[in-house]
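In case you want the letters, here they are:
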Amino acid sequence: MLSIATKVERIVRESAFLTEGLKRGLINLSELARQLQPQLESDLWKPVGQAAVVTALRRLAERLPEPPEGNIVLVQKTGELTTRTELTEYTFRHSDTIHECHRKLLAATGPLRGAFLTVTRGVNEVMVICSRTLAPLVEAAFEGEQLLARLDDLNALTLHLAPAASREPGTYQAILRQLAWDRVNLVNMICTNTELTVLLEQDQTGPAFSTLARFKRH
């Protein structure tokens, strides 16, 4: 049978946000204990007192490794923030003919300007994100391929980074951590050398914009 302290430690260490917040003293231990109580009682099959959880959290905080020195946000201010709306995401099963589909799509969309299109090939899947106006071209190019998922009415926010950002430890981690702290749910993300694009459902776009705007230069 697991002890309360052991179970509390497992829960905290599974979350980078709880671990760092606990070590930095950013978390109200009584409130966190109250929120953990139902899970602990379910997992341990017994009543769990809030005071016992607070004690376990306090002792765990003393044993956690020191966080990196410096500010919590480790990324330098970046450039502009741009928005794209009405996007569609397709996920297809990888196949022997998927390369030809990609070629057809590029040929069909090449003359078009201003539309958003990105294709990512994984080990077992191929993801296509496009402006809604390009959806018929995507479906025509990938006709006959196995469609695993489709998401409509998505928005994208692109944060333009300094050229050296990819060589700075903590750049992406700081941005994604702040989004997570602000409870912004990401559908997907795309990185290039100087751009970080996050894909979101419409109701998450406003909160995400507010978060990412903090990283802009003024």
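Being a predicted model, the structure only gives us computed values, none of them experimental.

Draft legend 1. Fine view of the environment of Glu125. Note on placement: Glu125 falls in strand 3 (residues 125–131). Given a relative accessible area of 40%, Glu125 falls into the partly exposed group. Placed 33 residues apart in sequence, Glu125 and Phe92 show a C-alpha to C-alpha distance of 5.6 Å. Residue contacts for Glu125: discarding those within four places in its chain leaves Thr91, Phe92, His94, Thr120 and Leu148.

Draft legend 2. Representation of the sheet that holds strand 3 in the model. Here six strands make up an open sheet; going across it, the order is 2-3-1-4-6-5 and the pairing antiparallel. The sheet is open, and its two edges are formed by strand 2 (117–121) and strand 5 (188–191), each paired on a single side. The mean inter-strand angle of the sheet, taken between neighbouring strand axes irrespective of direction, is 25°. For strand 5 and strand 6 (residues 195–201), the ladder comprises four bridges, and the chain directions are antiparallel. Across the sheet, residue Met189 finds its bridge partner in strand 6, namely Val198.

Draft legend 3. Here's a closer look at the environment of Arg34. If you trace the backbone, Arg34 turns up in helix 3 (residues 29–44). Spatially, the C-alpha atoms of Arg34 and Thr97 are 54 Å apart, while their sequence positions differ by 63 residues.

Here is what the cut-offs are and how they apply
- Here, residues in each chain are numbered from 1, in the same order as that chain's written sequence.
- Residues qualify for local features only when their pLDDT is at least 70, as the model is predicted, and side-chain atom pairs are given and counted only at 80 or more; totals for whole chains, interfaces and linings, by contrast, use all residues.
- With hydrogens and water set aside, each side-chain value is computed from the structure's full complement of heavy atoms.
- Segments assigned H or I by DSSP are reported as helices when at least four residues long, segments assigned E as strands when at least two residues long, and all are numbered from the N terminus.
- Throughout, exposure labels follow a simple rule: accessible area from a 1.4 Å probe, protein chains only, divided by the maximum for the residue type, with under 20% read as buried, over 50% as exposed, and the rest as partly exposed.
- Whether two residues are in contact is decided by their heavy atoms: any pair within 4.5 Å suffices.
- Think of it this way: DSSP has to see at least two bridges between two strands before they count as a pair.
- All axes are obtained by fitting lines to C-alpha atoms, using only the stretch in contact for helices, and the reported angles, taken between N-to-C directions, cover 0 to 180 degrees.

Read these as geometric descriptors, not functional statements.
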